[in-house]
Amino acid sequence: IKLALDAVLDARNHPLLIHCNQGKHRTGCLVGCIRNAQHWSLVSIFDEYRRFAGDKARVADQQFIERFREYTVPKARGESTEPPSLAPPIQR
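Predicted model, so just to flag it, every value in this text is computed and none were measured.

### So, the packing of helix H2 (residues 25-37) against helix H4 (residues 59-67)
Across the interface, H2 lies against H4 with an axial gap of 9 Å and an inter-helix angle of 25°. By the criterion of interaxial angle, the relationship of H2 to H4 is roughly parallel. For the pair H2 and H4, the crossing hand works out as right-handed. Within the contact between the two elements, H2 uses His-25, Gly-28, Cys-29, Gly-32, Cys-33 and Asn-36 and H4 uses Asp-61, Phe-64, Ile-65 and Glu-66. Class assignment of the residues belonging to the contact of H2 with H4 gives a composition of four nonpolar, four polar and two charged.

Next comes the structure, spelled out in structure tokens:
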């Protein structure tokens, strides 16, 4: 996760695509850790994780996300800790 976060949080690598075999557990853990670093609330992080993992959601994954504290992304002044809307991505 740490090596993946190094790549994801480095703007020189943007844009990028995050995926794994089924896009649930490994991807979900990585994205959950990114959301944690972005100061999302755990409720919002786990809501997003469960939405995409469906009935395959794992308690151990959520515990890992909650406890992973390797990174934090500095918040801009006045920035909310809630996620932005899940609008479709902007096409470049």
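From this point, things continue past the structure.
### Notes on the packing of aromatic side chains
Under the defined criterion, the tally for this structure stands at one aromatic pair. Ring centres of Phe-64 and Phe-68 lie 5.5 Å apart, and the angle between their planes is 40°; on these two criteria the pair is classed as tilted.

### Points about H4
Where H4 is concerned, the buried positions are Asp-61, Gln-62 and Ile-65. All buried residues of H4 project into a common sector of 95° when viewed along the axis, lining one side. Away from its buried face, by an angle of more than 90 degrees, H4 presents the exposed residues Val-59, Ala-60 and Arg-67. Looking at the buried residues of H4, the elements they touch are H2 and helix H3 (42-53).

### With respect to H3
The end-to-end C-alpha separation of H3 is 16 Å, in line with the 16 Å expected for 12 residues at 1.5 Å each. Restricting attention to buried positions, one finds in H3 the residues Ser-44, Ile-45, Phe-46, Glu-48, Tyr-49 and Ala-53. In the core, the buried residues of H3 are packed alongside H2 and H4. Two residues or fewer past H3, Gly-54 is found with a positive phi of approximately 60°.

### Observations regarding the packing of H2 against H3
Orientation of H2 relative to H3, taken along the N-to-C sense of each, is 160°, at an axis distance of 10 Å. By the angle class used here, H2 and H3 are roughly antiparallel. Note on packing geometry: the crossing formed by H2 with H3 is right-handed. In this structure, H2 uses His-25, Gly-28, Val-31, Gly-32, Arg-35 and Asn-36 to contact H3, whose residues at the interface are Ile-45, Glu-48 and Tyr-49.

### Brief notes about the nonpolar core
Counting 12 residues, the largest nonpolar core is built from Leu-5, Val-8, Leu-30, Cys-33, Ile-34, Trp-40, Ile-45, Phe-46, Tyr-49, Ala-53, Ile-65 and Phe-68. Taken together, the elements giving at least two residues each to this core come down to helix H1 (2-8), H2 and H3. No other element matches the four residues that H3 contributes to this core. For Phe-68, the residues in contact, after removing those within four places along its chain, are Ile-1, Lys-2, Leu-5, Cys-33 and Asn-36.

Cut-offs and rules
Residues numbered from 1 in each chain as written. Predicted model: local features only at pLDDT ≥ 70, side-chain atom pairs only at ≥ 80, totals over all residues. Heavy atoms only, no water. Axes fitted to C-alpha atoms, helices over the stretch in contact; angles between N-to-C directions. Helix = DSSP H or I, 4+ residues; strand = E, 2+ residues; numbered from the N terminus. Parallel < 35°, antiparallel > 145°, perpendicular 65-115°, else oblique. Left-handed = near helix turned anticlockwise from the far one by under 90°. Contact = heavy atoms within 4.5 Å. Nonpolar A, V, L, I, M, F, W, Y, C, P; charged D, E, K, R; others polar. Phe/Tyr/Trp six-rings, centres within 6.5 Å; stacked < 30°, edge-to-face > 60°. Buried < 20%, exposed > 50% of the residue type's maximum accessible area, 1.4 Å probe, protein only. Arc of directions from axis to C-beta. Expected span 1.5 Å × (residues − 1). Core = buried A, V, L, I, M, F, W, Y, C linked by side-chain atoms within 4.5 Å.

Keep in mind that these numbers describe shape and distance, not what the molecule does.
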